[in-house]
Amino acid sequence: MAQQGNTKDLLFSFDQLVAYISRFFTLNIGDLIFTGTPEGVGPVEIGDKLEAFIEDDSLLEFMIK
């Protein structure tokens, strides 16, 4: 596992992030907002598999090529 984070560790709430970003970009259903990484994260490399979850629900999974 390259990293594991939790939304409780965000510096800004989802509402604050969406409001700020919406000032510059149109956000649509299905858009993803990448906010950064938690402390101690290693680099992403070719061949890595990335997955994103909310609790036990898998939202995203892909391989780095």
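Structure report, in brief. This is a predicted model, so every value here is computed, not measured.

1. Some words on the pairing of strand β1 (residues 49-54)
Every regular strand shows the same layout, with side chains that alternate between the two sheet faces. The pairing of β1 with strand β2 (residues 57-63) spans six bridges and is antiparallel. Within the sheet, the bridge partner assigned to A52 lies in β2 and is L60.

2. Section: a nonpolar patch on the surface
A cluster of nonpolar residues, Y20, F24 and F25, forms a patch on the protein surface that exposes about 390 Å² of accessible area. Within the secondary structure, F25 is located in the loop between α1 (14-21) and β1.

3. Remarks on the pattern of salt bridges
For the coordinates displayed, the defined rule picks out one salt bridge. Residue K49 pairs with E61 through a salt bridge whose shortest N-O separation is 3.4 Å. Taken together, the residues span a long stretch of sequence, with K49 in strand β1 and E61 in strand β2 at a distance of twelve residues. With relative accessibility at 46%, the residue K49 sits in the partly exposed group. In this structure E61 comes out as partly exposed when scored by relative accessible area, which is 48%.

4. Re the environment of G36
Turning to its location among the elements, G36 is positioned in the loop between α1 and β1. Classification of G36 as exposed rests on a relative accessible area of 55%. For G36 and L10, which are 26 residues apart along the polypeptide, the C-alpha to C-alpha distance reads 9.2 Å.

The rules behind each value
- Residues numbered from 1 in each chain as written.
- Predicted model: local features only at pLDDT ≥ 70, side-chain atom pairs only at ≥ 80, totals over all residues.
- Heavy atoms only, no water.
- Pairing = 2+ DSSP bridges.
- Helix = DSSP H or I, 4+ residues; strand = E, 2+ residues; numbered from the N terminus.
- Patch = residues over 30% accessible without salt bridge, like charges linked within 9 Å, V, L, I, M, F, W, Y side chains within 5 Å.
- Areas by Shrake-Rupley, 256 points an atom, 1.4 Å probe, with all protein chains shown as cover.
- Salt bridge = Lys/Arg side-chain N within 4 Å of Asp/Glu carboxyl O.
- Buried < 20%, exposed > 50% of the residue type's maximum accessible area, 1.4 Å probe, protein only.

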